[in-house]
Amino acid sequence: MSRPENQMPAELFYNEDEAKKYTSCSRIIDIQSQMAERALELLNLQEDNCILLDIGCGSGLSGEMISEEGHFWIGMDISRPMLEVAVEREVEGDLYEFDMGQGFSFRAGVFDGAISISALQWLCVAAKKSHNPFKRLLAFFQSLYTSLRTGARAVLQFYPENKDQLEMITNAAMKASFAGSLIVDYPHSAKAKKMYLVLTAGDPGGSYNIVTTTGREREEEDVGNEEEKVAVLKSSSKNIRKIGYERKGKPKVKSREWIEKKKERQKRQGKEVRPTSKYTGRTRSGPHF
Amino acid sequence: MRLLSHNLLMCNVKGCSENNYPLRILVQKSKIIEAELNPDFLRKLVTKLDWKGLHTTLISLDFHKFPEQLAEDDWKNEEFLKELHNVLMQTHIIEGKLVCPNCQREYPIVNGIPNMILKDSELK
């Protein structure tokens, strides 16, 4: 199966049918949620009540994880059908239709951080004759750099097709004055391997390298009861997590407890919520993806 | 689109760099959606908001309750925070247009989502 970005432009690929998968397919939801969680962990925000940018926010899956951490977010995406799904799901962030390869226009220094889940690789492929991938990547990174507060971080999860794409991305980031590292989780598993570009909008001047570091090393299922260390950035604190333990003391996404907590939150916001019953969070019969 | 994110937004046209915010809002449909008041979050906004721009926008939308200049005491005033919360976090522009005060470029707002995508001819 060929990669999506080699098939057609993002705004055509993420049509209404594709967008529906992001509400109904639990596998997709699971993977995206986990990556968003991991990105927020790597963002390592030291304060509450931040304003974050979600790049390629799509149907709002990653944005919901940001809301759960208590921050405000602004999401941007090129696909209107995906953004419409986010509106339907009543996500808490503000949504904007932008083509990130054109650059984007928020005032300087307004974001305390940024995340991106599975979006950046779309810039590596020219969807139109007029597209120069490196120029588009550069325009994106320059806008991102400007809109981040000094010292703020961006964590971008993406799927590079090959080493050339990876190099093009890191070169564009460095040209835009970013410093940082590339974290690779599960580097030995072709299926589980995930890459996160962790960038800091720091002081300009000087030369920067983007260093590759191994993040998580083993599949969670293999580890059993051992403690697992999470990759550490130079100055950030260590996060040690027990396997099988809930995410930072929170219930597992989509579990009954999680659903009940979400209902509580929505009730507090004054939204209409269906009453909880024995059917809440029940595993549905039917095809399991 | 909330007025909070609108206050952070500028015109996206390349080369349009002066007097390119706040974008004028032409409202066709707006909605109040209640949200929990978070005073800590609002107070943190003092460094992010462009108050002059926000005040101009609020006047244009007929919200006259806000001072042209902010005093430190305002941020401790519960009434002020309540009103600010209402305009920044609870007021959503659902249908309308954003217009750049400099180049007059229009960005449509449909279903609460502004379309900021530029045509190829607008990219230098």
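Look up: the structure comes first, before these words.
Computed from a predicted model, the values in this text were never measured in an experiment.

Parameters and conventions
Residues numbered from 1 in each chain as written. Chains lettered and ligands numbered in written order. Predicted model: local features only at pLDDT ≥ 70, side-chain atom pairs only at ≥ 80, totals over all residues. Heavy atoms only, no water. Phe/Tyr/Trp six-rings, centres within 6.5 Å; stacked < 30°, edge-to-face > 60°. Helix = DSSP H or I, 4+ residues; strand = E, 2+ residues; numbered from the N terminus. Buried < 20%, exposed > 50% of the residue type's maximum accessible area, 1.4 Å probe, protein only. 1 Å grid on protein atoms, 1.4 Å probe; cavity = no way out; pocket = protein on both sides within 12 Å on 5 of 7 lines; lining within 4 Å. Points joined across faces, edges and corners; volume = space filled by probe spheres on them. Nonpolar A, V, L, I, M, F, W, Y, C, P; charged D, E, K, R; others polar. Disulfide = S-S within 2.5 Å.

### Concerning the packing of aromatic side chains
Residues and elements named next belong to chain A.
Piece 1. Overall, the coordinates contain 18 aromatic pairs over all chains when judged by the stated rule.
Piece 2. Between F13 and W122, the aromatic rings sit 5.6 Å apart at their centres with planes inclined by 50°, giving tilted as the arrangement. Taken together, the positions of F13 in helix α1 (residues 10-13) and W122 in the loop between β4 (111-117) and α6 (133-147) put the pair 109 residues apart, joining distant regions of the chain. Pair check on accessibility: F13 and W122 agree, each one buried.
Piece 3. When the centroid spacing of 6.4 Å and the interplanar angle of 35° are considered together, the rings of Y96 and F98 count as tilted.
Piece 4. Of the residues examined, Y96 reaches a relative accessible area of 0% and is grouped as buried.
Piece 5. Put simply, the rings of Y96, F98, F104, F106, F111, F140, F141, Y145 and F178 touch in pairs and so form one group of aromatic residues.

### Concerning empty space enclosed by the protein
All names here are of chain A.
Piece 1. Tallied over the entire structure, the rule returns two cavities of 30 Å³ or more.
Piece 2. For the largest cavity, the calculated volume is near 180 Å³.
Piece 3. Lining the largest cavity we find 20 residues, and of these E64, E68, E92, K262 and R265 sit closest to its centre.
Piece 4. Counting residues per element, the ones that place at least two in the lining of the largest cavity are α3 (26-43), α4 (61-68) and α9 (256-268).
Piece 5. The dominant element in the lining of the largest cavity, judged by the number of residues it contributes, is α4, at five residues.
Piece 6. Taken together, the residues of the lining of the largest cavity break down into seven nonpolar, four polar and nine charged.

### Comments concerning the state of the cysteines
All names here are of chain A.
Piece 1. Counted under the stated rule, the structure contains zero disulfides over all chains.
Piece 2. Free cysteine C57: the closest other cysteine sulfur is in C50, separated by 18 Å.
Piece 3. When its relative accessible area of 4% is taken as the criterion, C57 is described as buried.
Piece 4. In this model C124 remains outside any disulfide bridge; the closest cysteine sulfur is found in C57, 19 Å from its own.
Piece 5. The exposure class assigned to C124 is buried, which follows from its relative accessible area of 8%.

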